[in-house]
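Chain and residue survey
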Amino acid sequence: MSGSRKEAEKLSAKIAPLLRSDLNEPDREALTQLIAQAFDTAAREQEKRSFKRIAEVQASANAHLTVLLNASPAVLYSRPASGDLAPTFVSDGVTKMFGCTPREYLADPFFWQKRVAPDDIERIAAWVSRAHESDESAIEYRVDRGDGTHIWLCDRQHVIRDERGTPVEVVGSWTDITERKLYEDALFREKESAQITLQSIGDGVITTDARCNVEYVNPVAEELTGWKVDDASGR
């Protein structure tokens, strides 16, 4: 017997004397059924309201999560840890980074591979093959944005494992590091240019770090001091 039926019988027994004293058994049963139906209807309405409230909370949480993902400069993605490695999720930032919608990206399992710079494919393949050796790993490489321009990405991956320690999913992020790479390249060229200048001038030049340890000795300084760069470094 359901809980609503028991409550209906109790309430029916209390209501019956108020209606009339000669209420027969069939009438009492009819009254009980009406009350039970009222209880069931009320319970279903309450359940509907609860489900609606849960749906509203979930929708609000999803909307908030979407705002947070879109506000992040990184693009988040996920894929299986084995099998065809086809992507299962990518955040909306992929549109700005790769020039495609999330739907277009997910529809083509090879989309990412098509965009990677050919010179970096072998290096990335080696990295992917070792990805399960640790829970966290990262690599930097170039990709085509789809408009003929290239950007540098830092790809960070986190491996999710089951209770047995078996990798089941990979969650990662792409961060555009093009500006940093351009700065590093400019700094390298500037240092290389300075090195050429120091090698060719007629004065002896010795450079040191903040602790006055020798870092560089140009040819003229080598001739004057008798030190070679390798011998002088760290003095």
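Let us look at the structure shown here. (Residues numbered from 1 in each chain as written. Predicted model: local features only at pLDDT ≥ 70, side-chain atom pairs only at ≥ 80, totals over all residues. Heavy atoms only, no water.)

Looking at helix 6 (residues 118–129)
How we decide: Strands are runs of DSSP state E lasting at least two residues, helices are runs of H or I lasting at least four, and both sets are numbered from the N terminus onward. A helix is expected to span 1.5 Å for every residue after the first. Relative accessibility thresholds used throughout: buried, under 20% of the residue-type maximum; exposed, over 50%; partly exposed, between the two (1.4 Å probe, protein chains only). Directions drawn from the helix axis to the C-beta atoms are what define this arc. In this description, contact between two residues means that some pair of their heavy atoms is separated by no more than 4.5 Å.
Look at helix 6: 18 Å from first C-alpha to last across twelve residues, which is about the 16 Å you get at 1.5 Å a residue. All of the buried residues in helix 6 are Asp120, Ile124 and Trp127. The buried residues of helix 6 all sit within an arc of 55 degrees when viewed along its axis, so they share a single face. Opposite the packed face of helix 6, turned more than 90 degrees from it, sit the exposed residues Pro118, Glu122 and Ser129. Looking at the buried positions of helix 6, the neighbouring elements they touch are helix 5 (111–115), strand 3 (136–144) and strand 4 (150–161).

A short note on the pattern of salt bridges
Where we set the bar: Only one rule defines a salt bridge in this text: a Lys or Arg side-chain nitrogen within 4 Å of an Asp or Glu carboxyl oxygen.
Under the definition given, this model contains eleven salt bridges. With a closest N to O distance of 2.8 Å, Asp108 and Lys114 form a salt bridge. Of the residues examined, Asp108 reaches a relative accessible area of 18% and is grouped as buried. For the salt bridge of Glu140 with Arg180, the shortest nitrogen-to-oxygen distance reads 2.6 Å. Of the two residues, Glu140 sits in strand 3 while Arg180 sits in helix 7 (residues 178–200), which places them 40 residues apart along the sequence. According to the relative accessible area criterion, Glu140 is partly exposed, its value standing at 23%. One network of salt bridges, in which partners are shared, links Glu140, Arg180, Lys181 and Glu184.

Some points on the pairing of strand 5 (residues 167–176)
Where we set the bar: Here the rule is simple: two strands pair whenever DSSP picks up at least two bridges between them.
With six bridges joining them, strand 1 (residues 75–80) and strand 5 adopt antiparallel strand pairing. What sits directly across from Tyr77, in strand 5, is Gly172. Bridge count between strand 4 and strand 5: nine bridges; the pairing is antiparallel. Bridge pairing in strand 5 places Arg156 opposite Ser173. Counted between consecutive antiparallel strands, the loop separating strand 4 from strand 5 contains five residues, among which Gly165 sits at a positive phi close to 90 degrees.

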